[in-house]
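Residues per chain are reported as follows:
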Amino acid sequence: MSSKVNLRNFDWLIFLILCTILTIGVFFVWSASSERFLFKQIIWVVMGFTLFFTLLYFDYLSFEHYAYIIYASVLFLLILLLGVGGSVKGSQRWFSIGSFSVQPSEFMKITLVLTLARFLRYKKYGLGLFDIGISLLLAFIPMALIMKQPDLGTALILVPILFSILYAAGIRLSYLLILIGTGLAISPLFWMFMLKSYQKLRIIGFLWPEKTTDWGAGYHRLQSLIAIGSGGLFGTGWGNGTQNQMKFLPERHTDFIFAVIAEEWGFLRACLVLLLYIAFVACGIGIARNTRDPYGRLVVIGLVTMFATQTVVNVGMTLGVAPIVGVTLPFISYGGSSMLTSFVALSIIFNVKMRSKIDLASRRLYEMRY
Amino acid sequence: MYPYRFKIILIIFALLFIGITVRLFQLQIIEGDKYKGISNSRRIDTSLLETTRGSIFDRNGRVLAMDQHIFDVSVQYKYLLYCYSTHSNKTISRITDLKIHNQTKKSCIECHENQDVWLKRLSGLLEIPQTKLLNNVKQVVEKVERLKQNVEQRAGREIRIKEETEYHTVISDVAWEKVIQIEVKQDHFPGIRITPKPKRVYPEQESASHILGYMGKLNKDEWKEYSNNWNNFLLASSSTGTETSTLLYEGYAENDMIGRTGVEAQYENELRGMRGKRFEEITCKNNQIEKVILERPSVAGNNLYLTIDSQIQAYAEKSLGANMGTIIVMDPWTGEILAMANNPRFNPNILNENFGELIKQPSKPFLNRAIQGTLPPGSIFKIITAIATLSADHINDDTVFECHGYTKYKNIILKCWSGTGHGLVTIRDAIAYSCNVFFFETAKILGGESLYALAKEFGIGEKTGIDLPYEKDGNLPKKVTAPSTMNIAIGQGNLLTTPLQMVRVYAAIANGGTLVQPHVLLKITNSQEEVIRTFTSENKQKISIQPAILEVICTSLQNVIVYGTGKDRGLDVYRVAGKTGTAETRRQNDNHAWFAGYAPYDNPRYCFVILVEHTPKHGADIACPIARELLSYLFPEINQAS
């Protein structure tokens with residue numbers, strides 16, 4: 001295979017953006033929590049980089065080759081988890097292996113991208129109903145399992161991933177609109193049968209904050225709004241946010257870290273953070289466009305969608321414009337599973353970019369070899 | 001592919017980002033002042049509300065354990081501090097260090113006197129000497145000040161800690177009439193608050209204390225574990241119908257009381273209620289509560305109904321008297337435990353006063369002997385040997401062995417309890433007279449393996465699965481030599497069983513060969529007294545005994561009372577079938593006396609085992625009279641007739 005890693009194709013711009021985001025993240029995890037979390041977070045970042053560079057040396061086409069097997073294994077893990085997984089705060093999302101815990105639903109996001117891209121890579125424009133049906137099935141089986149855990153946030157991230165890959169693979173616009181329409185139409189059923197009562201409460205609390213009778217969600221939301229609002233234009237200064245430092249803001253170092261940034265850094269610098277993310281997304285989409293390999297394009301667009309949706313939902317949730325579901329802010333929120341998943345996804349994006357000058361004849365050779 | 005589609009995806013994301021930036025602008029720039037105001041002057045704080053733990057009843061609805069409200073008198077810290085500095089010689093440095101202190105010293109003393117009024121009034125009302133009250137105040141103040149010092153030292157600046165703004169308990173467990181007086185005349189008691197607090201009460205005192213168990217404080221390590229279990233429990237029950245917003249309810253707090261042993265521990269999750277939460281708006285200036293925004297009420301725990309009949313229980317305990325040991329009364333058909341008496345016992349009501357003393361006692365008052373005491377069963381085990389030999393067709397009920405008072409195996413002499421011997425005995429006589437030699441001889445023929453297999457089938461050496469924590473499994477030796485098999489055949493040697501295992505064996509004989517699962521839970525009801533679930537037995541095994549063999553065993557057990565070791569003990573009027581046993585320990589005149597059986601033999605209603613540990617007497621001499629006393633309560637109609 002001629003697609004050896006080509007260092008000249010290393011995307012220094014994204015890498016720079018990434019490093020900036022990581023630095024900001026580490027500082028705010030420090031501000032929002034004790035030093036114990038700071039050191040742990042640094043360890044996660046170091047592990048992330050190691051994983052990132054290691055994965056670069058594996059051709060992403062082997063991900064393509066093994067996509068269905070990976071999908072089946074992660075699906076198996078999800079099923080297993082319902083039976084034996086350890087439980088944190090009442091939900092079964094983790095496997096505990098000694099002091100280390102693994103969250104298969106995080107892997108599912110990437111796995112779904114790899115699988116859908118493999119399935120749809122050579123499909124003709126328009127996509128047949130069969131193709132669409134199988135794609136929906138591929139996405140909805142893991143979604144149902146993840147909802148059961150229950151992890152609403154991660155499950156919902158799978159929906160935009162599905163739609164953007166379908167769209168990029170060439171689904172007819174009319175089909176896409178019908179899909180979205182049907183989705184909206186069956187959402188009441190989803191509400192009735194899939195959601196747990198506390199999840200419903202959170203959504204009610206988000207749509208009609210004044211009507212909610214349960215303050216678990218409302219309290220989070222209000223504290224977050226106070227934190228962000230009191231940041232003003234210039235912020236209270238790093239390490240000086242009252243909402244943050246006095247621990248009124250719940251889950252400060254994980255899901256609500258953007259509220260800490262906005263409180264202590266103010267509007268201008270919070271915008272800078274958002275700008276970094278959109279630049280990151282734009283560069284990612286650029287990579288997808290400039291890649292000749294159809295599999296590579298779909299993979300990149302899926303992963304970029306994952307990053308973008310997570311960012312928008314996470315920030316939106318702290319701003320009170322999205323329901324409070326557990327979604328992390330990529331590369332900033334504290335946490336091992338989220339950090340490592342983000343690095344793996346990024347590594348695959350880089351992988352595609354660095355092998356983007358792949359010539360299609362050698363690709364065919366590669367496929368024949370298997 | 002379709003380059004314009006990538007552009008459209010980018011545009012969609014860009015629009016979303018612009019959207020959240022606009023929202024950020026709205027919050028931080030347009031409405032910034034509003035939120036800034038809130039964050040600087042007011043906060044929302046949450047506090048947990050207490051809940052009540054479920055009650056425990058016996059099968060007839062008599063209360064065995066319940067939560068009672070006791071009242072604590074708490075005082076706002078400010079007043080405690082004033083009181084402390086006026087009454088103790090030590091003035092707190094941080095008050096005297098204040099610049100304005102000298103200027104306001106005079107007025108301050110006046111104000112201290114005013115602030116101090118509550119102390120005199122409280123001590124008058126509650127009839128507690130002021131010195132005692134002051135002592136409590138001192139403890140609280142010194143603790144808080146120490147804490148404050150530590151916090152400030154670490155931070156390097158002055159910090160107002162939470163404890164300074166809270167109410168602290170100075171007197172616990174205040175009578176209701178006094179509480180009313182304080183509540184009515186609130187103006188007279190500045191800074192005083194009455195807080196109700198649940199307290200676990202056991203109205204029957206010592207009775208059934210091993211079944212009920214006791215409560216203890218949750219330590220830091222257990223806290224996490226319990227919270228996790230609790231969340232899992234809620235999650236599991238929410239999928240079966242009673243949905244609760246699991247993640248929003250706090251399970252446990254440090255220092256919460258939890259069930260440590262007995263039913264209190266076994267059904268901790270059911271008994272435990274859910275704490276409510278109060279959301280209050282607090283002003284930052286003096287941390288006063290501005291208003292209560294919302295209160296989510298707490299949910300009381302579920303009630304337990306036990307299979308125990310508290311009157312039988314009390315009578316069993318009385319029958320046991322001062323003897324160290326245990327009595328179990330069980331329904332032979334369902335496995336419902338009607339009584340489980342142990343001696344010595346403990347009184348859970350006053351446990352925190354004498355816990356340290358009790359735990360050191362050599363008689364082990366916390367040991368639930370019925371399920372945790374493992375002892376050799378002695379002759380009451382012989383029926384298993386008998387069934388094994390009869391089932392293996394090695395002998396029939398006409399087979400005769402001769403007892404000279406001893407038998408030999410190679411060079412070893414094995415003695416019967418009767419020195420002169422029982423002469424020619426059949427299996428019926430052997431059980432009635434409890435002849436050792438007969439069982440030694442059968443053990444020689446039988447061999448260890450089939451005895452082991454049948455004993456295992458009867459559940460010897462395994463936990464019965466009763467719904468009480470810390471059950472022991474005893475010991476059923478597997479690989480044995482011929483002499484030790486002979487020893488086990490008469491219930492001695494390395495064989496160790498719990499009284500509960502033995503009562504189950506006799507229940508199986510009584511009900512025709514079904515091994516029931518003993519249990520103490522009858523049903524669980526919620527706080528509205530609706531039945532949530534009833535006990536369902538998981539394992540009911542049928543033991544393979546031929547009816548003919550069972551008939552031999554049953555009549556032999558009746559013969560024990562009619563002409564055997566249990567005759568003339570007054571048990572015949574109750575139509576008892578049973579077996580005496582005396583397990584020898586290594587020491588002289590130190591036996592474990594057993595009596596196990598069921599009554600009435602033609603239609604068994606009760607099945608029981610009586611064990612007296614470490615007694616010089618034999619089963620027939622000490623356990624049978626206890627059985628008689630117990631039965632006279634269980635069958636009052638027979639009592640009157642005779």
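All figures in this text were calculated on a predicted structure; none of them were measured in a lab. (Residues numbered from 1 in each chain as written. Chains lettered and ligands numbered in written order. Predicted model: local features only at pLDDT ≥ 70, side-chain atom pairs only at ≥ 80, totals over all residues. Heavy atoms only, no water.)

Enquirer: Could you give an account of the overall build of chain B, with specific residues and numbers?
Expert: Tallying secondary structure elements over chain B gives 24 helices and 23 strands in all. Within chain B, the fraction of its 642 residues that count as buried is 53%. Of the contacts formed within chain B by residues at least 6 apart in sequence, a portion of 73% connects residues at least 24 apart. Summed over its atoms, the accessible surface of chain B is roughly 30,200 Å², and 49% of this surface lies on carbon and sulfur atoms. (Helix = DSSP H or I, 4+ residues; strand = E, 2+ residues; numbered from the N terminus. Buried < 20%, exposed > 50% of the residue type's maximum accessible area, 1.4 Å probe, protein only. Contact = heavy atoms within 4.5 Å. Areas by Shrake-Rupley, 256 points an atom, 1.4 Å probe, with all protein chains shown as cover.)

Enquirer: Which residues make up the environment of Ala117(A), and what are the values?
Expert: All names here are of chain A. For alanine 117, the position within the fold is in helix α4 (residues 104-120). Relative accessible area serves as the criterion here: at 0%, alanine 117 is assigned to the buried category. On a C-alpha basis, the gap between alanine 117 and arginine 297 in space is 8.4 Å, while along the polypeptide they are 180 residues apart.

Enquirer: Can you lay out helix α14 (residues 351-360) of chain B for me, pointing to particular residues and giving the numbers?
Expert: Residues and elements named next belong to chain B. What α14 keeps buried is the set Leu351, Asn354 and Leu358. Here the buried residues of α14 occupy an arc of 100 degrees about the axis, which is enough to place them on one side. Seen from the buried face of α14, the exposed residues on the opposite side, beyond 90 degrees, are Asn352, Glu357 and Lys360. (Arc of directions from axis to C-beta.)

Enquirer: Outline the pattern of salt bridges, listing residues and values.
Expert: Residues and elements named next belong to chain B. Inspection of the entire model under this criterion finds 26 salt bridges over all chains. Residues arginine 428 and glutamate 551 are paired through a salt bridge, measuring 3.7 Å at the closest nitrogen-oxygen approach. Here the residue arginine 428 occupies a position in helix α17 (residues 427-433), and glutamate 551 occupies one in helix α22 (residues 547-562), the gap between them amounting to 123 residues. Under the relative-accessibility criterion, arginine 428 is labelled partly exposed at 22%. Here glutamate 551 falls in the partly exposed class, since its relative accessible area comes to 41%. Here arginine 575 ties to aspartate 602 by a salt bridge, and the two come within 2.5 Å at their closest N and O atoms. You can see arginine 575 sitting in the loop between α22 and β21 (577-584) and its partner aspartate 602 sitting in the loop between β22 (591-599) and β23 (606-615), a full 27 residues away along the chain. Judged by relative accessible area, arginine 575 falls into the partly exposed class, the value being 34%. What makes aspartate 602 partly exposed here is its relative accessible area of 48%. (Salt bridge = Lys/Arg side-chain N within 4 Å of Asp/Glu carboxyl O.)

Enquirer: Describe the side chain of Glu106(A), naming the residues involved and giving the relevant values.
Expert: Residue and element names in this part refer to chain A. Tracing the backbone through its elements, the reader meets glutamate 106 in helix α4. A polar contact of 3.4 Å, which involves the side chain of glutamate 106, links it to the side chain of threonine 341. Discounting chain neighbours no more than four positions away, the residues touching glutamate 106 are Ser337, Ser338 and Thr341. (Polar contact = N/O pair within 3.5 Å; in protein donor to acceptor, adjacent residues only side chain to side chain.)

Enquirer: Describe the packing of aromatic side chains, listing the residues and the values that go with them.
Expert: All names here are of chain B. Enumeration over the complete set of coordinates arrives at 38 aromatic pairs over all chains. Taking 4.8 Å as the distance between ring centres and 20 degrees as the angle between the ring planes, the aromatic pair formed by phenylalanine 57 and tyrosine 305 counts as stacked. One end of the pair, phenylalanine 57, is in strand β2 (residues 56-57); the other, tyrosine 305, is in strand β10 (residues 303-306), with 248 residues separating them in the sequence. The buried category is assigned to phenylalanine 57, whose relative accessible area is 12%. Using a relative accessible area of 11% as the deciding quantity, one classes tyrosine 305 as buried. Summarising the aromatic geometry, the rings of phenylalanine 355 and phenylalanine 366 are spaced 5.1 Å apart at their centres and angled 40 degrees between planes, so their arrangement reads as tilted. (Phe/Tyr/Trp six-rings, centres within 6.5 Å; stacked < 30°, edge-to-face > 60°.)

Enquirer: Describe in detail the nonpolar core, supporting the description with residues and values.
Expert: Phe258(A), Phe331(A), Phe350(A) and Leu24(B) are the most contacted members of the largest nonpolar core, which totals 122 residues. The element that contributes the greatest number of residues to this core is helix α11 (residues 257-290) of chain A, accounting for 21 residues. Excluding residues that lie within four positions of it along the chain, Phe258(A) makes contacts with Ala270(A), Val273(A), Leu274(A), Asn314(A), Val315(A), Thr318(A), Leu329(A) and Leu24(B). Residues Ile308(B), Leu320(B), Ala510(B) and Val576(B) belong to the second largest nonpolar core, which totals 121 residues. (Core = buried A, V, L, I, M, F, W, Y, C linked by side-chain atoms within 4.5 Å.)

Enquirer: Residues and numbers for the sheet that holds strand β11 (residues 325-330) of chain B, please.
Expert: Note: strands within a sheet are paired through backbone hydrogen bonds, in either parallel or antiparallel orientation. All names here are of chain B. Across the sheet, five strands lie side by side as β12-β11-β23-β22-β21; this open sheet has antiparallel pairing. Pairing within the sheet leaves two strands with one partner each, and these edge strands are β12 (337-343) and β21. On average, adjacent strands in this sheet sit at an angle of 5 degrees to one another, irrespective of strand direction. As paired strands, β11 and β12 are joined by six bridges and run antiparallel to one another. Counterpart to glycine 325 in the pairing with β12 is asparagine 343. (Pairing = 2+ DSSP bridges. Axes fitted to C-alpha atoms, helices over the stretch in contact; angles between N-to-C directions.)

Enquirer: Explain the packing of helix α12 (residues 294-318) of chain A against helix α13 (residues 336-354) of chain A residue by residue, including any values.
Expert: All names here are of chain A. Relative orientation of the contacting elements α12 and α13 amounts to 145 degrees, with a least axis distance of 10 Å. In the packing of α12 onto α13, the handedness of the crossing is left-handed. Contacts between α12 and α13 involve Gly296, Val299, Val300, Leu303, Val304, Met306 and Phe307 from the former and Ser342, Ala345, Leu346, Ile348, Ile349 and Val352 from the latter. Considered class by class, the residues forming the contact of α12 with α13 number 11 nonpolar, two polar and no charged. (Left-handed = near helix turned anticlockwise from the far one by under 90°. Nonpolar A, V, L, I, M, F, W, Y, C, P; charged D, E, K, R; others polar.)

Enquirer: Can you break down the side chain of Ser123(B) residue by residue, with the values?
Expert: Locating Ser123(B) in the fold gives a position in helix α6 (residues 117-126). Its relative accessible area of 10% is what places Ser123(B) among the buried residues.

Enquirer: Requested: an account of the pairing of strand β19 (residues 531-534) of chain B, with residues and values cited.
Expert: All names here are of chain B. Direction of pairing for strand β18 (residues 521-525) relative to β19: antiparallel, over a ladder of three bridges. Paired with isoleucine 524 across the strands is arginine 533, a residue of β19. Here β18 folds back onto β19 in antiparallel fashion, the turn holding five residues, of which glutamate 529 has a positive phi close to 65 degrees.

Enquirer: Account for unusual backbone geometry, with residues named and values stated.
Expert: What you tend to see is this: most non-glycine residues have negative phi, and most peptide bonds are trans. Residue Asn343(B) is joined to Pro344(B) through a cis peptide bond whose omega torsion reads 0 degrees. With respect to the secondary-structure elements, Pro344(B) resides in the loop between β12 and α14.

Enquirer: Account for the confidence of the model for chain B, naming residues and giving values.
Expert: It should be kept in mind that the predicted coordinates are not to be read in detail where pLDDT is low. Residues and elements named next belong to chain B. The pLDDT averaged across chain B works out to 84; a share of 88% of its residues lies at or above 70. Every residue in residues 238-248 is under pLDDT 50, and counting partners more than four places away or in other chains gives 25 contacts. As scored by the predictor, the complex reaches a pTM of 0.64 and an ipTM of 0.90. (pLDDT = per-residue confidence, 0-100.)

Enquirer: Could you give me a rundown of the confidence of the model for chain A, with the residues and numbers involved?
Expert: For chain A, the average pLDDT comes to 82, and 79% of its residues sit at 70 or higher. Under a pLDDT of 50 for its full length, residues 85-90 of chain A has, in the predicted model, 18 contacts with residues more than four places off or in other chains.

Enquirer: Account for the packing of α4(A) against α12(A), naming residues and giving values.
Expert: All names here are of chain A. Between α4 and α12, the least distance of the axes is 8 Å, while the angle of their chain directions is 150 degrees. For the pair α4 and α12, the sense of crossing is right-handed. Packed against α4, whose contacting residues are Lys109, Ile110, Val113, Leu114, Ala117, Arg118 and Leu120, the element α12 presents Tyr295, Leu298, Val299, Gly302, Leu303, Met306 and Gln310 at the interface. For the contact of α4 with α12, a count of residues per class yields 10 nonpolar, two polar and two charged.

Enquirer: Kindly report on the pairing of β12(B), identifying the contributing residues and their values.
Expert: Judged by how many residues are buried, β12(B) sits mostly within the fold: seven of seven residues are covered. The hairpin turn running from β11(B) into β12(B), its antiparallel successor, is six residues long, and Gly335(B) in that turn takes a positive phi close to 80 degrees.

Enquirer: How would you sum up the environment of Met215(B)? Please name residues and give values.
Expert: Residue and element names in this part refer to chain B. With respect to the secondary-structure elements, methionine 215 resides in strand β6 (residues 215-217). The exposure class of methionine 215 is buried, given its relative accessible area of 16%. Separated by 136 residues in the primary sequence, methionine 215 and leucine 351 have C-alpha atoms spaced 9.2 Å apart. Ignoring anything within four residues of it in the chain, the contact list for methionine 215 reads Arg53, Arg200, Tyr202, Met257, Ile258, Gly259, Arg260 and Glu264.

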